[in-house]
Structure formats: structure tokens, C-alpha cells
Amino acid sequence: MVTMAPKAAVLHLVLVPLLSLLLLAPFSSLALTQDFCVASLLLPDTPSGYPCKPKLAVTANDFYTDVLARPGPVFAPFNTSLASANVKQVPGMNGLGISATRVDILPGGVVPLHTHPEASEFIYVLNGTMLAGFISAETNVAYTKTLNKGDLYVFPQGLLHFQINLGDTTAVAINAYSSHNPGLQITDFALFANRLPADVVSKVTFITREEVERLKALFGQRQVPS
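Residues numbered from 1 in each chain as written. Predicted model: local features only at pLDDT ≥ 70, side-chain atom pairs only at ≥ 80, totals over all residues. Heavy atoms only, no water.

Participant: Please clarify how the pattern of salt bridges should be interpreted in this entry.
Facilitator: Close approach of charged atoms allows side chains with opposite charge to pair. Across all of its chains, the model carries five salt bridges by this definition. Lysine 53 serves as the salt-bridge partner of aspartate 62, at 3.1 Å between the closest nitrogen and oxygen. Of the residues examined, lysine 53 reaches a relative accessible area of 24% and is grouped as partly exposed. The closest approach of N and O atoms between glutamate 211 and arginine 214, which form a salt bridge, is 2.8 Å. Of this pair, glutamate 211 and arginine 214 are both found in helix 4 (residues 209-219), three residues apart, which corresponds to roughly one turn of the helix. (Salt bridge = Lys/Arg side-chain N within 4 Å of Asp/Glu carboxyl O. Buried < 20%, exposed > 50% of the residue type's maximum accessible area, 1.4 Å probe, protein only. Helix = DSSP H or I, 4+ residues; strand = E, 2+ residues; numbered from the N terminus.)

Have a look at this one:
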């Protein structure tokens, strides 16, 4: 049996947990090694973010946008507009784990069921009244809350969530994310803008073929928000 000297035993007890923590550390976190890494958007994205733009080419505009100062384009049939400020609009967000959107939900409008695979999110209401909610992936329990001006609500990462305007004026909110590129999958587009035959979609959703064909016609020609 191999025995250790007291000093060696102490070092072993300290270094092994420390090395384990280092192995678990997020090596993709660019902030650990440099002040920032402005995205070079001409190069492909990677699991740890975009490659860095040369520091001499970086300007203040790489960290700035006014896109949230006004509503974005309205997406039919949801009657909602979306303005995004992620790494594609603000290259300086690359690797920082932050991004945001402005959502303007017109009267009768909705933000449909969707997920952000790469980020948790919170919504902060600037104006109006809305119903916000998400669905647990483990229990299928829905957690909903009526939100008014000044309220904040959290959507855990990857879970289906939505918002509905409950008032007769436009509801406005700022949504913040824990990723520079949170990703987006809208359930309606996933189900009805795909290339699966209508009979296959009908079988896996238990929706009649006629209704599937109607929804495919509705969503198949729509622009997917980004």
C-alpha cells in the first residue's frame, strides 16, 4: 500500500478538487482570457462564439445599437413585432452571455409558444397588460402570470413559453437572455412550416389532415422571426 507524506497528502486533497473545478469551468467564456471578443461576423459561428475581430478594427459602434428604441417588423399572423439585439446586431456581445429583444404585442396579438435552446430569459413589461407563461418539461404543468407595467417574469432555459396581450392597447416589453445568441424555435413553424407530408404531421399530432394542410398553407409562406 502506497502512503503519502503529510505535505503531499495535503497537496493531494487541495489540488484534486481544484483541478476538477477547472475541468468543469466554461472554457468558452472569453471574458476569462481577455477584455472582450468582438464577433467577426464574416466568419462562421462556433459552439464557443464567433472568432474575434482584430482589436485594431474594433470601434465603439461594435457595442452599440438603437434597435430597441422602436418597434420591429410585425409578424403575421401573431400581430406582434420583434426587434432583436443579439450578437448579430451587436458584435460586442460575443461571448458575454447577454442579449435582448423588444416585443410589441398589438391588441389581440400573441407571442406564440416557442423555446430558446441556449438561454434563460426574463421579460420586463414597459407598457400594457399581458399573460405570460411557460410549461414544465418534466411535469407539463403550466406556470402563468398576469403582468402589468413594471412587472418582471422569468422563463427557464429551453422551456416552451408565450405571452398574450390582455388589453386594448399595445403591450410592450424588453426581454433579456443569458446568451449572446439564445436561439429560437417557434412551435407553429416547427410543426407546419416543415417539409413533412401532411399525413405524417396529422398522425403525429392527432390534428386532422385538412387542418394540417390549412396550417401548412398559413405558416409555410411566412417569414420566421430571428
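Participant: In this structure, what is going on with the sheet that holds strand 4 (residues 110-115)? I would like to understand it.
Facilitator: What links the strands of a sheet is backbone hydrogen bonding, and the strands pair in either a parallel or an antiparallel sense. Taken together, the five strands give an open sheet; going across it, the order is 7-6-9-4-11, and neighbouring strands pair in antiparallel fashion. The strands lining the two open edges of the sheet, one partner per strand, are strand 7 (142-147) and strand 11 (185-186). For strand 6 (residues 130-135) and strand 7, the ladder comprises six bridges, and the chain directions are antiparallel. Pairing of glycine 133 across the sheet is with threonine 144, part of strand 7. (Pairing = 2+ DSSP bridges.)

Participant: Sorry, what's going on with the packing of aromatic side chains here?
Facilitator: Centre distance and the angle of the planes are the two values used to describe a pair of aromatic rings. Throughout the structure, instances matching the rule amount to eight aromatic pairs. Linked through ring pairs, Phe78, Phe189, Phe192 and Phe219 together constitute an aromatic cluster. Positioned above the aromatic ring of phenylalanine 36, the side-chain terminus of lysine 55 is 4.9 Å from the ring centre. (Phe/Tyr/Trp six-rings, centres within 6.5 Å; stacked < 30°, edge-to-face > 60°. Lys NZ or Arg CZ within 6 Å of the ring centre and 35° of its normal.)

Participant: Honestly, the state of the cysteines in this entry has me stumped. Any pointers?
Facilitator: Linking two cysteines covalently through their sulfur atoms gives a disulfide. Tallied over the full model, the rule gives one disulfide. Here cysteine 37 engages in a disulfide with cysteine 52; their sulfurs sit 2.0 Å apart. Residues cysteine 37 and cysteine 52 are joined by a disulfide whose S-S torsion is about -115 degrees; by sign, that bridge is left-handed. With a gap of 15 residues between them, cysteine 37 in the loop between helix 1 (6-24) and strand 1 (74-75) and cysteine 52 in the loop between helix 1 and strand 1 connect regions that are remote in the sequence. Its relative accessible area of 35% is what places cysteine 52 among the partly exposed residues. (Disulfide = S-S within 2.5 Å.)

Participant: Whenever I open this one, the pairing of strand 2 (residues 80-85) confuses me. Can you help?
Facilitator: Remember that side chains alternate between the two faces of the sheet whenever the strand is regular. For strand 2, the tally of buried residues reaches five of six residues, placing the bulk of the element in the interior. Pairing of strand 1 with strand 2, which is carried by two bridges, proceeds in the antiparallel orientation. Note that in strand 2 the partner of phenylalanine 75 across the bridge is threonine 80. Pairing analysis gives six bridges linking strand 2 to strand 3 (residues 99-105), with the strands arranged antiparallel. By the bridge assignment for strand 3, threonine 80 is matched with isoleucine 105.

Participant: Even after reading the chapter, I still don't get the packing of helix 3 (residues 198-205) against helix 4, so can you show me in this structure?
Facilitator: Axes are the key here: two packed helices are described by the angle between their axes and the distance separating the axes. Running from amino to carboxyl end, helix 3 crosses helix 4 at an angle of 115 degrees, the nearest separation of the two axes being 9 Å. Considering how the two elements wind past one another, helix 3 and helix 4 form a crossing that is right-handed. Residue-level inspection shows Ala198, Asp199, Val201, Ser202 and Thr205 of helix 3 in contact with helix 4, the latter providing Arg209, Val212, Glu213 and Lys216. Split by residue class, the contact of helix 3 with helix 4 holds three nonpolar, two polar and four charged. (Axes fitted to C-alpha atoms, helices over the stretch in contact; angles between N-to-C directions. Left-handed = near helix turned anticlockwise from the far one by under 90°. Contact = heavy atoms within 4.5 Å. Nonpolar A, V, L, I, M, F, W, Y, C, P; charged D, E, K, R; others polar.)

Participant: What should I look at first to understand the pairing of strand 5 (residues 121-127) in this one?
Facilitator: Across four bridges, strand 5 lies against strand 8 (residues 152-155) in antiparallel orientation. Directly across from glutamate 121, in strand 8, lies its bridge partner phenylalanine 155. Summarising the sheet, strand 5 and strand 10 (residues 171-177) pair through six bridges and their orientation is antiparallel. If you follow asparagine 127 over to strand 10, its bridge partner there is valine 172.

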